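Observations on the three-dimensional arrangement
The lines below spell out each chain.
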Amino acid sequence: MSALAIGLLKKGYSVSGSDLVKNDETNKLEKLGAVIFNSQVRQNIEFIISKFTNKLIYFVVSSAIKPENEEFSYCRENNLSIKHRSEILAMLMRTYTALAVAGSHGKTSTSTFLSTILELCTRNSSSITGGIIPIYNSNCHLDNTKYLVAEVDESDGTINKYKSDIGIINNIDFDHCDHFSNLNEVISTFKSFAKNSKKLLLNFDCETSRNNFYSNWKWSNSTAKNVTYAIIPIEINSKYTIGKYYENGNFISSLNIPIPGLHNLSNITAAIAASRMIGVDFIEIKKNIKYLKLPKKRFEFRGQLDERSLYDDYAHHPNEIKETIKLGRLLIQQNHNKECQKSRLIAIFQPHRYSRVKQFTKEFAEELSKADVIYVTSIYGAGEGNEDRITSKIITDLIYKKNKNVSYINNYYEVTKNFYELTQKGDLILNMGAGDCHNFWSILNKNN
């Protein structure tokens, strides 16, 4: 929502909005001229209507807004013009050559890599994404450019609203159990997205997308045969990845990519492939690849406290946790020296949504138990009801069967209070989740 608001302000629209909590995004929007309310009451809407008497006003909601929300109810009762967030993004996309990044995992990273490549190679690209892109230090960079990179979200089924010149499907996994009942429903929503894409770029390594979609444009990191684009890794370490780049089965060049992790290599291959599909010169791409950076909250190094290293990651699905822990292990192996022999991998996980915990309890336990020590905090509900009275303890009890070094800790203030008892020098700490867990580093620093 904040990225859309920034985009609309840059396009010359008047923007107002409400959030119950003041944060970096609302502060940034106020500086750009938005009117921000820190309550959600009918008077806000009345004020806006009185201020813009002769103007067309759209009231924009996301799927996170419940029907009983006072502002939303007031708009419905008074038959005001309500648009879903997806409709506004779709409207903005129509004025550009749009490259839409979709998929269950890696959307923000792929959008970031693609935005960076297009910015450096064409200087003619805009972006609206779900994370902070380092090259812009923002989740929105909207100008009168030819290209627009848009991260599009399948979580609420509104992905069918988007029409794109190039649609990218990273991978397809069962998630968002609050909206979808099974994998087939997820596949079906991606099919509507594929139909609305003039050209579809597919991840050949994802079995679900390979078996359910057809496209002339595919990428892979395991084979250069029968795919349009491939980067076959030769070396992956904790600092970079070296791979051989192929197009249509022909070896083009070796690439030295400054980002570790096989899952990140897949996202980078997608970004290079999409750039090539719109005609960006490969020599230009190769020249600028050294400037690629991960978006914030994606294996983001926050700092060190008394020889303990803390990384933040947005991982909130079992398959994302799997890749993040794998990358953490790689880092520990590479840094392994005599002084660091006691390096342990500590996972602190804040589960996100009761429906997701209910659906993936076993899978969460399976992946988290691969860390040396695990701390699970209470669930970040994201506005969901909890009729089944689900708690994080169902995960910790299952982990305990595989790994005894697991504890339930209510919140991050408790983790902070006992930080030096819960951790030791040399530890690599992975703080994972999609809720407010990323405030942990600030909480820690306030108390030290």
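Note that the structure is a prediction, hence the values are computed from the model and not measured.

1. With respect to helix α7 (residues 183-195)
- Between the first and last C-alpha of α7 there are 19 Å, a value that for 13 residues agrees with the 18 Å anticipated at 1.5 Å per step.
- Residues V186, I187, T189, F190, S192, F193 and A194 constitute the buried set of α7.
- For α7, the N-terminal capping position is held by N182, with its side-chain oxygen 3.1 Å away from the main-chain nitrogen of N184.

2. Quick word on the packing of helix α1 (residues 2-10) against helix α2 (residues 24-31)
- Running from N to C, α1 and α2 point in directions that differ by 10°, and their axes come no closer than 10 Å. Comparing the axis directions of α1 and α2 gives the class roughly parallel. Contacts between α1 and α2 involve S2, A5, I6 and L9 on the former and, on the latter, E25, K28 and L29.
- Residue classes in the contact of α1 with α2 are distributed as four nonpolar, one polar and two charged.

3. Regarding the pattern of salt bridges
- Counted according to the given criterion, the structure contains 20 salt bridges.
- Across the salt bridge formed by E30 and K22, the nearest N and O atoms sit 3.0 Å from each other.
- As a salt-bridge pair, D165 and K198 come within 3.2 Å of each other at their nearest N and O atoms. Pair noted here: D165 is in strand β9 (residues 164-169) and K198 is in strand β10 (residues 197-203), with a separation of 33 residues, a long-range link.
- Its relative accessible area of 66% is what places K198 among the exposed residues.
- Bridged by salt links that share partners, the residues R85, D153 and D156 form one connected network.

4. Structural notes on the nonpolar core
- With 101 residues, the main nonpolar core has V152 and L368 as its most contacted residues.
- When residues of this core are assigned to their parent elements, the largest contribution, eight residues, is made by helix α9 (residues 262-277).
- In contact with V152, not counting residues within four places along its chain, are L89, M93, A100, V101, A102, K107, I159, Y162 and F193.
- Residues I409, L422, I429 and I443 belong to the second largest nonpolar core, which totals 17 residues.

5. Describing the side chain of S392
- Along the polypeptide, S392 turns up in the loop between β18 (373-376) and α13 (393-402).
- For S392, a relative accessible area of 1% puts it in the buried group.
- Engagement of the side chain of S392 in a polar contact is seen with the backbone oxygen of T377, the distance being 2.5 Å.

6. Quick look at the domain arrangement of the protein
- According to the domain assignment, the protein contains domain 1 (1-80), domain 2 (88-291) and domain 3 (300-447).
- Here domain 1 and domain 3 have C-alpha centroids that lie 35 Å from each other.

7. Looking at the sheet that holds strand β16 (residues 308-313)
- Taken together, the six strands give an open sheet; going across it, the order is β15-β16-β20-β17-β18-β19, and neighbouring strands pair in mixed fashion. Each having just a single partner strand, β15 (300-305) and β19 (406-408) make up the two edges of the open sheet. For this sheet, the mean inter-axis angle between neighbouring strands, taken without regard to orientation, is 20°.
- Direction of pairing for strand β17 (residues 345-350) relative to strand β20 (residues 428-433): parallel, over a ladder of six bridges. Within β20, the residue paired with Q350 across the bridge is G433.
- Against the sheet, helix α11 (residues 318-334) makes contact with β16, β17 and β20, and its axis sits at roughly 165° relative to β20, the strand it touches most.

8. Re the packing of aromatic side chains
- Following the criterion strictly, the structure yields 11 aromatic pairs and no others.
- Geometrically, the ring pair formed by F299 and Y311 is tilted, given 4.7 Å between the ring centres and 40° between the ring planes. You can see F299 sitting in the loop between α10 (282-288) and β15 and its partner Y311 sitting in strand β16, a full 12 residues away along the chain.
- According to the relative accessible area criterion, F299 is buried, its value standing at 13%.
- For Y311, a relative accessible area of 14% puts it in the buried group.

9. Overview of the environment of D313
- Secondary-structure assignment places D313 in strand β16.
- A distance of 2.6 Å separates a polar side-chain atom of D313 from the backbone nitrogen of F299.
- Within the local environment of D313, its side chain forms a polar contact with the side chain of T324, the two groups lying 3.3 Å apart.

10. Some points on the UniProt feature "domain: Mur ligase central" (unreviewed entry) in the protein
- Residues annotated in UniProt with the feature "domain: Mur ligase central" (unreviewed entry) correspond here to residues 101-274.
- This span, residues 101-274, is 28% helix and 34% strand, and a straight line between its end C-alpha atoms measures 10 Å.

11. Let's talk about the pairing of strand β11 (residues 217-220)
- Relative to β11, β10 runs parallel, the two being bridged by three bridges. If you follow L201 over to β11, its bridge partner there is W217.
- Considered for its hand, the β-α-β crossover made up of β10, helix α8 (residues 207-212) and β11 is right-handed.
- Relative to strand β12 (residues 229-236), β11 runs parallel, the two being bridged by two bridges. Residue pairing across strands places S220 opposite A230, the latter belonging to β12.

12. Regarding unusual backbone geometry
- Backbone geometry at D306 places phi at a positive 45°, although glycine is not the residue there.
- Here D306 is to be found in the loop between β15 and β16.
- Judged by relative accessible area, D306 falls into the partly exposed class, the value being 38%.
- The phi angle at R353 is positive, at roughly 80°, despite the residue not being glycine.
- Here R353 lies in the loop between β17 and α12 (354-368).

13. A word on α9
- Helix length check: α9, at 16 residues, gives a terminal C-alpha distance of 23 Å against a target of 22 Å (1.5 Å per residue), a fit within 8%.
- Of all 16 residues in α9, 13 are buried; the element is thus mostly enclosed.
- One or two positions beyond α9, positive phi appears at G279, with a value near 95°.

Each value, and the rule that gives it
Numbering of residues begins from 1 in every chain and follows the order in which that chain's sequence is written. The predicted origin of the model limits local features to residues at a pLDDT of at least 70 and limits the giving and counting of side-chain atom pairs to 80 or more, whereas totals for whole chains, interfaces and linings rest on all residues. With hydrogens and water set aside, each side-chain value is computed from the structure's full complement of heavy atoms. By definition, any uninterrupted DSSP run of H or I lasting at least four residues is a helix, any uninterrupted run of E lasting at least two residues is a strand, and each is numbered from the N terminus. Multiplying 1.5 Å by the residue count of a helix minus one yields the expected span of that helix. Only protein chains enter the accessibility calculation, which uses a 1.4 Å probe; a residue whose area is less than 20% of its type maximum is buried, one above 50% is exposed, and one in between is partly exposed. Within 3.5 Å is the distance limit for a polar contact, defined as a pair of N or O atoms, with the added protein rule that one can donate a hydrogen and the other accept it, and that residues adjacent in sequence qualify only through two side-chain atoms. All axes are obtained by fitting lines to C-alpha atoms, using only the stretch in contact for helices, and the reported angles, taken between N-to-C directions, cover 0 to 180 degrees. Relative orientations are named as follows: roughly parallel for angles under 35 degrees, roughly antiparallel for angles over 145 degrees, roughly perpendicular for angles from 65 to 115 degrees, and oblique for any other angle. Only heavy atoms enter the contact rule, under which two residues are in contact if any of them lie within 4.5 Å. Polarity classes work like this: nonpolar for Ala, Val, Leu, Ile, Met, Phe, Trp, Tyr, Cys and Pro, charged for Asp, Glu, Lys and Arg, and polar for all others, with Gly in that last group. A pairing counts as a salt bridge when a side-chain nitrogen of Lys or Arg comes within 4 Å of a carboxyl oxygen of Asp or Glu. Nonpolar cores are built from buried Ala, Val, Leu, Ile, Met, Phe, Trp, Tyr and Cys residues. Side-chain atoms within 4.5 Å join them into one set. Note that the domain bounds reflect an automated or database-derived domain assignment. Strand pairing is assigned whenever DSSP detects at least two bridges linking the two strands. When the centres of two rings from Phe, Tyr and Trp lie within 6.5 Å, Trp using its six-membered ring, the rings pair. Their planes under 30 degrees apart give stacked, over 60 give edge-to-face, and anything left gives tilted. UniProt positions are given in the numbering used here, feature names are shortened, and annotations may be inferred rather than shown by experiment. Look down the strands so they point away from you; if going from the first strand over the helix to the second traces a clockwise path, that crossover is right-handed.

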